[in-house]
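Structural overview
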Amino acid sequence: MQTDTLTVTSSTSSYPVVVADGALATLPQRLGALGLQGRVWLLSDTTVLPLHGAAVVAPLRTAGYTVEPFAVPAGETSKSQTQLDAIYAWMLGGAVERRDVVLALGGGVVGDLAGFAAASILRGIPVVQLPTTLLAMVDAAVGGKTGINHPLGKNLIGAFHQPRLVLADTTTLTTLPPRELCAGWAEVIKHGVIKDAGLYTELQNLAADYCHPAQAAQGSVVTWAAGDPRFSAIIRRAVAVKVGVVSRDEREQGERITLNYGHTMGHAIEALAGYGTLLHGEAVAIGMHIAARIAASMGICDLGLVKSQRALLHAFGLPTSLPAGLDAQALIALTLRDKKVQAHKVRWVLPTTIGNVVIRDDVPEELVRAALRS
Ligand SMILES: NC(=O)c1ccc[n+]([C@@H]2O[C@H](COP(=O)([O-])OP(=O)(O)OC[C@H]3O[C@@H](n4cnc5c(N)ncnc54)[C@H](O)[C@@H]3O)[C@@H](O)[C@H]2O)c1
């Protein structure tokens, strides 16, 4: 059990992050060990609750917990004030108490929404993250960022609220649609590129074993193999990167910005293509390719890195070229609206070698335009 567990240790909190096949069965004993003995407010979405709700509810009820389940509609539009109000009405109407706990069972949407509800109701009650998408496991569930969208932009209303526990049961990924799984691999690859060359090599090995070169032309990609422990080991290693970064930089004062690799242009592509056209991970994959091209053109990394990263992204079913019709100037303008812009300068996260990145705010616009053209 111990080897499945990582720990986030920041200046304000410390919590376990567990990544394992079948981890949900251990939830009652883990809640008990954390002293969480009140009522359980299980928040999920309309897709995940029917698929995985029973794996949470049954063991908790057997252990004597009172569980109140609630599902918001699946999808990004649920990260809204309307759904937040519905959650407040459900919890306050049910006489929620400070000793209770919110469980967030689902992808990043449920995690962000439930996290923010827990952060704000009764001035804050405990939350436990139970991520069921690859993206949420390796990224969204760890680090304590919670929030909802506003008509004026994504993730503009929110709070830092660290979970008491993150429990990622990798068996839940067997029901995840393949496209959503691929989108999650983008963040796993990103973690390898920014911080862990060994993880990157393991991903290459997985690709070599699961994605036969002879079929590459037909678009053969790594698919999820239930029962192969290498998958959960790789996910755990990717989670360890995020755990390390947020432990050292909880509030994004420094190192945490490296997690933004591929996101500067990724966010712009996502927005200009129209939300829902590309999944977040797909846009990030294209953004990583563009960032690597910029780095190569500045002499920060060699062209071999660009080619290697592109091959790996393709092996995991991810795109590296812009959708047709996106205007380069409009994309560049959107990068200036990135939340990480400082003094009107875009802060680019650029790879130097696999496992290492630098932050640069002096990237000439001409090089960005050239990378977009190529
Ligand atoms: N808080 C953070 O640090 C952070 C970091 C990255 C992303 N995010 C947020 O995460 C959100 C995206 O998360 P996501 O990609 O997980 O999207 P999501 O939560 O919308 O899930 C994607 C889809 O998969 C379905 N699904 C989830 N788990 C499933 C399973 N096991 N089987 C079958 N279907 C399943 C969902 O119902 C949904 O339709 C965005 O809102 C983004 O802003 C937050």
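Note that the coordinates shown come from a computational prediction; the quantities given were computed from them, not determined experimentally.

Every one of the 26 residues lining the ligand counts as a neighbour, but Asp45, Glu76, Thr132, Thr133 and Thr175 are closest to it. Between the ligand and leucine 176, the relevant distance is 3.5 Å, taken from a nitrogen atom to a main-chain nitrogen or oxygen of the residue. Considered on its own, the ligand offers 870 Å² of accessible surface; in the complex 87% of this is hidden by protein. Taken together, the elements giving at least two residues each to the shell around the ligand come down to helix 2 (48–62), helix 4 (108–120), helix 5 (134–140) and strand 8 (153–160). Broken down by class, the residue content of the shell around the ligand amounts to eight nonpolar, nine polar and nine charged.

Once that is clear, we can look at the sheet that holds strand 4 (residues 67–72). The strand order across the open sheet formed by seven strands is 1-2-9-6-5-3-4, and the pairing between neighbours is mixed. Edge positions in the open sheet fall to strand 1 (5–9) and strand 4, since each of these has one partner strand only. Neighbour-to-neighbour, the strand axes of the sheet open up by a mean angle of 20°, direction not taken into account. Where strand 1 lies against strand 2 (residues 14–20), five bridges are found, and the strand directions are antiparallel. Counted as the bridge partner of threonine 7 is proline 16 from strand 2. The sheet strands contacting helix 3 (residues 81–93) are strand 3 (40–45), strand 4 and strand 5 (101–106), and the helix crosses strand 4 at an angle near 160°. Sitting on the sheet, helix 8 (residues 229–248) touches strand 1 and strand 2, and the angle it makes with strand 1 is about 15°.

Grouped burial of nonpolar side chains is what soluble globular proteins tend to show. Counting residues in hydrophobic clusters, the biggest one holds 79 residues, and the most contacted among them are Trp185 and Phe316. If you tally residues by element for this core, the top one is helix 10 (residues 280–297), at eleven residues. Setting aside residues up to four positions removed in sequence, tryptophan 185 forms contacts with Leu134, Leu203, Leu206, Trp224, Phe231, Ile234, Phe316 and Leu318. Counting 23 residues, the second largest nonpolar core, distinct from the first, contains Leu84, Trp90, Met91 and Val102.

With that settled, the discussion passes to the domain arrangement of the chain. Segmenting the chain into domains produces domain 1 (2–175) and domain 2 (178–373). Between the C-alpha centres of domain 1 and domain 2 there is a distance of 26 Å. Counting residues at the interface gives 29 residues for domain 1 and 28 residues for domain 2. For the pair domain 1 and domain 2, the summed buried surface comes to about 2,500 Å²; carbon and sulfur atoms form 65% of the total. Taken as a group, Leu134, Val138 and Phe160 account for 25% of the area that domain 1 buries against domain 2, more than any other trio of residues on that side. Between the two partners, domain 1 and domain 2, sit two salt bridges.

Per the UniProt entry, the sites bearing "binding site: Zn(2+)" (unreviewed entry) are Glu187, His263 and His280 in this numbering. Look at the named residues: they lie 94 residues apart in sequence, but the longest C-alpha span between them is just 10.2 Å, so in the fold they bunch up. Assignment of secondary structure puts histidine 263 in helix 9 (residues 263–273). Relative to the helices and strands, histidine 280 resides in helix 10. Filtering out sequence-adjacent residues up to four positions away, histidine 280 remains in contact with Leu135, Glu187, His263, His267 and Glu270. Of note is the side chain of histidine 280, whose polar atom sits 3.2 Å from the side chain of glutamate 270.

What follows covers empty space enclosed by the protein. Tallied over the full model, the rule gives three cavities of 30 Å³ or more. The space that makes up the largest cavity amounts to roughly 50 Å³. What lines the largest cavity is simply Ala104, Gly106, Gly107, Gly108, Gly111, Asp112, Gln129, Leu130, Pro131, Ala136, Ala140 and Ala141. Those elements giving two or more residues to the lining of the largest cavity turn out to be strand 5, helix 4, strand 6 (127–131) and helix 5. Residues that form the lining of the largest cavity fall into these classes: six nonpolar, five polar and one charged. When grouped by side-chain class, the residues that make up the lining of the second largest cavity number four nonpolar, five polar and one charged.

About the thresholds
Residues numbered from 1 in each chain as written. Predicted model: local features only at pLDDT ≥ 70, side-chain atom pairs only at ≥ 80, totals over all residues. Heavy atoms only, no water. Near = heavy atom within 4 Å. Polar contact = N/O pair within 3.5 Å; in protein donor to acceptor, adjacent residues only side chain to side chain. Areas by Shrake-Rupley, 256 points an atom, 1.4 Å probe, with all protein chains shown as cover. Helix = DSSP H or I, 4+ residues; strand = E, 2+ residues; numbered from the N terminus. Nonpolar A, V, L, I, M, F, W, Y, C, P; charged D, E, K, R; others polar. Pairing = 2+ DSSP bridges. Axes fitted to C-alpha atoms, helices over the stretch in contact; angles between N-to-C directions. Contact = heavy atoms within 4.5 Å. Core = buried A, V, L, I, M, F, W, Y, C linked by side-chain atoms within 4.5 Å. Buried < 20%, exposed > 50% of the residue type's maximum accessible area, 1.4 Å probe, protein only. Domains from an automatic or database assignment. Buried area = accessible area lost by both parts, 1.4 Å probe. Salt bridge = Lys/Arg side-chain N within 4 Å of Asp/Glu carboxyl O. UniProt positions renumbered as here; feature names shortened; annotations may be inferred. 1 Å grid on protein atoms, 1.4 Å probe; cavity = no way out; pocket = protein on both sides within 12 Å on 5 of 7 lines; lining within 4 Å. Points joined across faces, edges and corners; volume = space filled by probe spheres on them.

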